[in-house]
Amino acid sequence: MERGNFGSKIGAILASAGSAVGLGNIWRFPTECGSNGGAAFILIYLVCVFFLAMPVMVAEFVIGRSSRSNAVGSYRVLAPGKPWVVSGFMGVLAGFLVLSYYSVVAGWTLDYTYESLVGNLMSGADFGQYFADFVASPWRPVLFLSIFLLITHYVVATGVEKGIERYSKIMMPLLLLIILVLAVFSLTMPNAMEGIRFLLTPDFSKVTKDVVISAMGQAFFSLSVGMGTLATYASYFNKETKLLPSAIGVCTIDTMVAISAGFIIFPAVFSVGVSADSGPGLVFITLPYVFQEAFGTVPVLEYMFSGLFYVLLLLAALTSSISMHEISTAYIHETFKLSRPKAAAIVTAVCFLMGIACSLSFGLWKDVTVMGKGFFDLFDFITAKFLMPLGGLLICTFVGWDMNKRIVAQELNSRFTSLLMILFSWVAPIGIGIIFVYGLISG
Ligand code: PHE
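Residues numbered from 1 in each chain as written. Predicted model: local features only at pLDDT ≥ 70, side-chain atom pairs only at ≥ 80, totals over all residues. Heavy atoms only, no water.

### Topic: the environment of phenylalanine 134
Turning to step 1, where the next piece is worked out: With respect to the helices and strands, phenylalanine 134 occurs in helix α6 (residues 127-136).
Turning to step 2, where the next piece is worked out: The spatial distance from the C-alpha of phenylalanine 134 to the C-alpha of phenylalanine 362 is 9.5 Å, given a sequence separation of 228 residues.
Turning to step 3, where the next piece is worked out: Ignoring sequence-local partners within four residues, the contact set of phenylalanine 134 consists of Trp108, Asp111, Arg140, Pro141 and Phe144. (Helix = DSSP H or I, 4+ residues; strand = E, 2+ residues; numbered from the N terminus. Contact = heavy atoms within 4.5 Å.)

Take a look at the structure:
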C-alpha cells in the first residue's frame, strides 16, 4: 500500500508542533499553572519536559521513522512476536479516548469563537451563567462538537501531505502571529507586572508531590507523547529529517507557546483583579470578564481581542485533534486495508458517540459515573494519568533496551547518541516510573 509522506522537513516539524501545541498549552497549562502556584510549577514542568517527555518524543520518532508503520504496526515490524505491541494498542485506545473529550472542549471553543465573532460575548453578559448553561445543554455543545469533528475528519481524510501538512503549514504560522499580537496587548494592560511576577517568582513552599505529578501529566499531554501520535507522524518523515533537532524544535515551540499563553492570560487576569486559580473556567469564564473589563469602553478592541483569542484556541485545537485522529486512522487504514476516508469515517463515528457521552456528563448524565467520575473526567484520568505515562515508559524502555542498537544509532545520526541512550534506558523510565506510581497511589 502506498504510504503518505510529509513533503518537506519544515512541513514535518510544523505538523508535529501542530500536534503538540493545542488546548493543552493555552487552556490546560494556564489552569494548571494557576492552581499549582505559578513559577515553581513552571520550573518543575520544564524539568519534566526536557528530561522525561522529550526523550519519549525522540524515541517515538525513532520507532516511527525506522518502521514506517502506524502505532501498532511499528512494533510488529521492529519486534515481531514480542509483547511491546501492547503499547501500540494502548496508544490507539488513548487516541480514541483523548479525541472524544478533547473535541468537547474544542466544541466549546468553536461556540465561543462564533459568539465572539457575532458580538454576543460582549459586555453585560453573565459569563459564568452563560458557560454553566451552555455546557449543561443537551444539544448545543454536541452540535459544536460534531462540527469540530467533521472539520478534523475532512483534513485527515484528505491525506498526509495534501491534508495534514498543508493545513499545518497555514495554521501554525498564523497561530504564532496571533499569540504575539495578544501577548503585546496583554502586557501593555495596567498592572500587568503583577501577572509577570506571578509567572517569574517561584514559591517553593507550594510544591507538593501532587504538583510534580500534575507537571509530568501536563508535559506528556502538552507534547502529545506516550501514545504513538508522534511515532505515527514520524513514519511520514523523510530520511533527511534530523530527529533530535526536530524534537528539540517541537519542544521549544510548545514550551514557548505555553509560557506565552501564561503571559497573555495572567497579566490580563491580574490587571482586572480576578483570582489566578479559578480552574478550568479560567479561559471560558474569567477571560471574557477580562476582555470586558479591559476593553469595555472601546468595544472594537473587546471584540477583536476576544475574537482573536478564541480563533487562536480553535486553530491550536484543530492541529492537535488531527494528530489524535491520525493515530487510529493510520492503524485502521493499514491494518484492515480500508481506504483512508473509510478508516477516518470509522474513527470519526466512534469518537462522535463517545464525545456525546463526555458532553452529556456536564448536564443530563451528570450522575452517570464510572469509578466515581463522569465520562469526561474518566477519559481524561485514564489517558493523562495512566495510558500516556505508562505508554511513555514502555516506549523509552523499548528503544533503550530492546530495539536494535544499530538501527537506533542510524536513525538518530547524532553525536549525542550515547547521552540519549542514557536518557532512554535510565533517566526517563525511572523518573516516569516513580511519578507514575505516586500518581496511581494518590488517585
Ligand atoms: N498536545 C496536545 C495539546 O496540547 C494534546 C494531544 C495529546 C495531542 C495527545 C495528541 C495526542 O493540546
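### Notes on the site of the ligand
Turning to step 1, where the next piece is worked out: The environment of the ligand is formed by 16 residues, the closest being Ala20, Gly24, Tyr102, Phe221 and Ser224.
Turning to step 2, where the next piece is worked out: In this structure, an oxygen atom belonging to the ligand sits 3.1 Å away from a main-chain N or O atom of leucine 23.
Turning to step 3, where the next piece is worked out: Backbone polar atom of glycine 24 to an oxygen atom of the ligand: 2.8 Å apart, as the coordinates give it.
Turning to step 4, where the next piece is worked out: Expressed as a share of its isolated accessible area of 320 Å², the protein-covered part of the ligand is 100%.
Turning to step 5, where the next piece is worked out: The cavity that encloses the ligand is the largest cavity.
Turning to step 6, where the next piece is worked out: Those elements that place two or more of their residues in the shell around the ligand are α1 (9-20), α2 (23-35), α10 (209-222) and α14 (299-335).
Turning to step 7, where the next piece is worked out: Here the residues of the shell around the ligand are counted per class, giving seven nonpolar, nine polar and no charged. (Near = heavy atom within 4 Å. Polar contact = N/O pair within 3.5 Å; in protein donor to acceptor, adjacent residues only side chain to side chain. Areas by Shrake-Rupley, 256 points an atom, 1.4 Å probe, with all protein chains shown as cover. 1 Å grid on protein atoms, 1.4 Å probe; cavity = no way out; pocket = protein on both sides within 12 Å on 5 of 7 lines; lining within 4 Å. Sits in = over half its atoms within 2 Å of the grid points. Nonpolar A, V, L, I, M, F, W, Y, C, P; charged D, E, K, R; others polar.)

### Brief notes about the packing of helix α3 (residues 39-67) against helix α16 (residues 375-402)
Turning to step 1, where the next piece is worked out: Two elements in contact, α3 and α16, have axes separated by 9 Å at closest approach and are oriented at 60°. In terms of their interaxial angle, α3 and α16 are classed as oblique. Here α3 runs over α16; the crossing is left-handed. Across the interface between the two elements, Pro55, Val56, Ala59, Glu60 and Ile63 of α3 pack against Gly392, Ile395, Cys396, Phe398 and Val399 of α16.
Turning to step 2, where the next piece is worked out: Of the residues contributing to the contact of α3 with α16, the split by class is eight nonpolar, one polar and one charged. (Axes fitted to C-alpha atoms, helices over the stretch in contact; angles between N-to-C directions. Parallel < 35°, antiparallel > 145°, perpendicular 65-115°, else oblique. Left-handed = near helix turned anticlockwise from the far one by under 90°.)

### So, the layout of surface pockets
Turning to step 1, where the next piece is worked out: Approximately 760 Å³ is the volume found for the largest pocket.
Turning to step 2, where the next piece is worked out: Around the largest pocket, the lining comprises 35 residues; the ones closest to its centre are Arg28, Glu32, Asp377, Asp380 and Ala384.
Turning to step 3, where the next piece is worked out: If you list the elements that add at least two residues to the lining of the largest pocket, you get α2, α5 (85-117), α6, α10, α13 (281-295), α16 and α18 (417-441).
Turning to step 4, where the next piece is worked out: Lining the second largest pocket are twelve residues, and of these Ser69, Asn70, Glu334, Thr335 and Lys337 sit closest to its centre.
Turning to step 5, where the next piece is worked out: Of all the elements in the fold, those that place two or more residues in the lining of the second largest pocket are α4 (73-78) and α14.
Turning to step 6, where the next piece is worked out: Within the lining of the second largest pocket, the residues separate by chemical class into three nonpolar, four polar and five charged. (Points joined across faces, edges and corners; volume = space filled by probe spheres on them.)

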